[in-house]
Amino acid sequence: MAVVTVNLRAVTSWVGIARIFAVVLSCVAFSLVASTNNFGGPYGTWCMFTWCFCFTVTLLVLLLELLELYPKLPLSWDDFTSAFSMLAALMVFTTSVVFPSTFISSPCTSSVCARQAVATTISCLCFLAYALEVGLTRAKPGDISSFLSTVPGLLKVFEAYVACLIFSLLDNYVSEAGLQWCVAVYSICFIFTFLIIVFTIGRCLSYIPCPLEKILVGYSALALVMYITATILWPLYSFRGRSRPSPCDKNCWWNKHLGITFLTIFNLIAYMVDLVYSTRMVFLRTP
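Rules behind the numbers
Residues numbered from 1 in each chain as written. Predicted model: local features only at pLDDT ≥ 70, side-chain atom pairs only at ≥ 80, totals over all residues. Heavy atoms only, no water. Helix = DSSP H or I, 4+ residues; strand = E, 2+ residues; numbered from the N terminus. Buried < 20%, exposed > 50% of the residue type's maximum accessible area, 1.4 Å probe, protein only. Contact = heavy atoms within 4.5 Å. Areas by Shrake-Rupley, 256 points an atom, 1.4 Å probe, with all protein chains shown as cover. Lys, Arg positive; Asp, Glu negative; His and termini not counted. Charge placed at Lys NZ, Arg CZ, Asp CG, Glu CD. Patch = residues over 30% accessible without salt bridge, like charges linked within 9 Å, V, L, I, M, F, W, Y side chains within 5 Å. Salt bridge = Lys/Arg side-chain N within 4 Å of Asp/Glu carboxyl O. Domains from an automatic or database assignment. Buried area = accessible area lost by both parts, 1.4 Å probe. Polar contact = N/O pair within 3.5 Å; in protein donor to acceptor, adjacent residues only side chain to side chain. Nonpolar A, V, L, I, M, F, W, Y, C, P; charged D, E, K, R; others polar. Axes fitted to C-alpha atoms, helices over the stretch in contact; angles between N-to-C directions. Parallel < 35°, antiparallel > 145°, perpendicular 65-115°, else oblique. Left-handed = near helix turned anticlockwise from the far one by under 90°.

**Thoughts on the overall build of the protein chain**
Moving on, step 1. The secondary structure content of the protein chain amounts to nine helices and zero strands.
Moving on, step 2. Along the chain direction, N to C, the helices and strands of the protein chain fall in the order α-α-α-α-α-α-α-α-α.
Moving on, step 3. Its C-alpha atoms give the protein chain principal-axis dimensions of about 70 × 55 × 30 Å.
Moving on, step 4. Out of the 287 residues in the protein chain, the part that is buried amounts to 42%.
Moving on, step 5. The contacts of the protein chain with a sequence gap of at least 6 include a subset with a gap of at least 24, amounting to 77%.
Moving on, step 6. Accessible surface for the protein chain amounts to roughly 15000 Å². Of this, 71% is attributable to carbon and sulfur atoms.
Moving on, step 7. Between the averaged position of the 16 positive side-chain charges in the protein chain and that of its 12 negative side-chain charges there is a distance of 4 Å.

Structural data, given as structure tokens:
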């Protein structure tokens, strides 16, 4: 019979404490919103999914590290936990913005509204817990044993997540060739970035018979150039000769296209920083 080893450091270290806080806070946020029975629609479903998903995966990570079962998994555990903590921080941050802007109205006087406000505050604290975990597990300068814990690796998760947000806002783009090119840019860069993340976690990149680090630098440069074109073409073709309709609610095409414009700029900056750090890691590595 196999002997199960208990590693108390998994829950007593700073990283473990941050994960415990994230588990508790995400559970409380979910429970408070569930008690209001007011979370319908796609935005409410997204918020509830975020809290449940982060709670479940973080609890699983804690248990696997506590019982030291993670070495038996066929994946790079450090890369997986780094990528997940970054993804969870981004998801909870988005939820902490989307939920109050969608469900909390002013003035907030009812008990339901009070619980929603408390859930929002708890969600913000949960984001801080995940952000703390990202900071604690981030690779130190010169340490590249876990790629997804480095700045370029964390940026890969950010780039893929922002692309997913862009996809969720896409609407009415087939009529313009310039907009179709932008969608192609978002799709191509997302696919390659996602594959890099998956192959890194699955320990598959080592089987590629070529200088992988230099290929990643080349990909970052190409993605940057593609996003520069999208940053110019998307607002040009989206708003040219088209004024903001009135009224324009949260589902209005104008607001969605404006959101995509800002998200495109965010990803452009991310790919720029990614290229700078990747170049420094590959070509300016300290002995």
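Text resumes after the structure shown.
**Remarks on the environment of Val185**
Moving on, step 1. Examined against the element boundaries, Val185 turns out to sit in helix H7 (residues 177-201).
Moving on, step 2. Spatially, the C-alpha atom of Val185 lies 40 Å from that of Leu32, the residues being 153 residues apart in sequence.
Moving on, step 3. The contacts of Val185, once residues within four sequence positions are left out, are Met226, Tyr227, Thr229 and Ala230.

**A few points about the environment of Ala22**
Moving on, step 1. Of note, Ala22 is situated in helix H2 (residues 14-36).
Moving on, step 2. Residue Ala22 is classed as buried on the basis of its relative accessible area, which comes to 0%.
Moving on, step 3. Sequence separation of Ala22 and Tyr43 is 21 residues, and the distance between their C-alpha atoms is 21 Å.
Moving on, step 4. With residues near it in sequence (within four places) discarded, Ala22 still touches Thr58, Cys126, Ala129 and Tyr130.

**Some words on unusual backbone geometry**
Moving on, step 1. Positioned with a positive phi, Glu68 is a non-glycine residue whose angle comes to about 55°.
Moving on, step 2. For Glu68, the position within the fold is in the loop between helix H3 (41-66) and helix H4 (77-103).
Moving on, step 3. A relative accessible area of 33% places Glu68 in the partly exposed class.

**Focus on a nonpolar patch on the surface**
Moving on, step 1. Residues Phe262, Ile265, Phe266, Ile269, Met272, Val273, Val276 and Tyr277 make up a contiguous nonpolar surface patch of about 670 Å² in total accessible area.
Moving on, step 2. Summarising the element assignment, Ile265 is placed in helix H9 (residues 253-283).
Moving on, step 3. Relative accessible area serves as the criterion here: at 32%, Ile265 is assigned to the partly exposed category.

**Some details on the domain arrangement of the protein chain**
Moving on, step 1. Domain annotation of the protein chain identifies domain 1 (1-144) and domain 2 (145-286).
Moving on, step 2. Placing a centre on the C-alpha atoms of domain 1 and another on those of domain 2 gives a separation of 25 Å.
Moving on, step 3. At the interface, 21 residues of domain 1 touch 20 residues of domain 2.
Moving on, step 4. Between domain 1 and domain 2, the buried area comes to about 1900 Å², and carbon and sulfur atoms account for 65% of it.
Moving on, step 5. At the boundary of domain 1 with domain 2, the tally comes to zero salt bridges.
Moving on, step 6. Between the two partners, domain 1 and domain 2, sit five residue pairs in polar contact (both at pLDDT 80 or more).
Moving on, step 7. Among the secondary structure elements, those contributing two or more residues to the side of domain 1 that touches domain 2 are H3, H4 and helix H5 (111-137).
Moving on, step 8. Among the elements that line the side of domain 1 that touches domain 2, the one with the most residues is H4, at 11 residues.
Moving on, step 9. Looking at the side of domain 1 that touches domain 2 residue by residue, the class counts come to 12 nonpolar, five polar and four charged.

**Side note on the packing of H3 against H4**
Moving on, step 1. One can describe the packing of H3 onto H4 by two numbers: an axis separation of 9 Å at closest approach and a directional angle of 150°. Relative to H4, the element H3 lies roughly antiparallel. Crossing of H3 against H4: the hand is left-handed.
Moving on, step 2. Split into classes, the residues belonging to the contact of H3 with H4 amount to 20 nonpolar, seven polar and one charged.

**What to know about the pattern of salt bridges**
Side-chain pairs of opposite charge can arise where the charged atoms are in close proximity.
Moving on, step 1. Evaluated as defined, the whole model comprises three salt bridges.
Moving on, step 2. Notably, a salt bridge pairs Arg19 with Glu133, separated by 2.9 Å at the nearest N-O pair. Here Arg19 is found in helix H2, whereas its partner Glu133 is found in helix H5, with 114 residues between them in sequence.
Moving on, step 3. Of the residues examined, Glu133 reaches a relative accessible area of 3% and is grouped as buried.
Moving on, step 4. When the shortest N-O distance is used, the salt bridge between Lys156 and Asp274 registers 2.7 Å. Of this pair, Lys156 sits in helix H6 (residues 151-169) while Asp274 sits in helix H9; the two residues are 118 residues apart in sequence, bridging distant segments of the chain.

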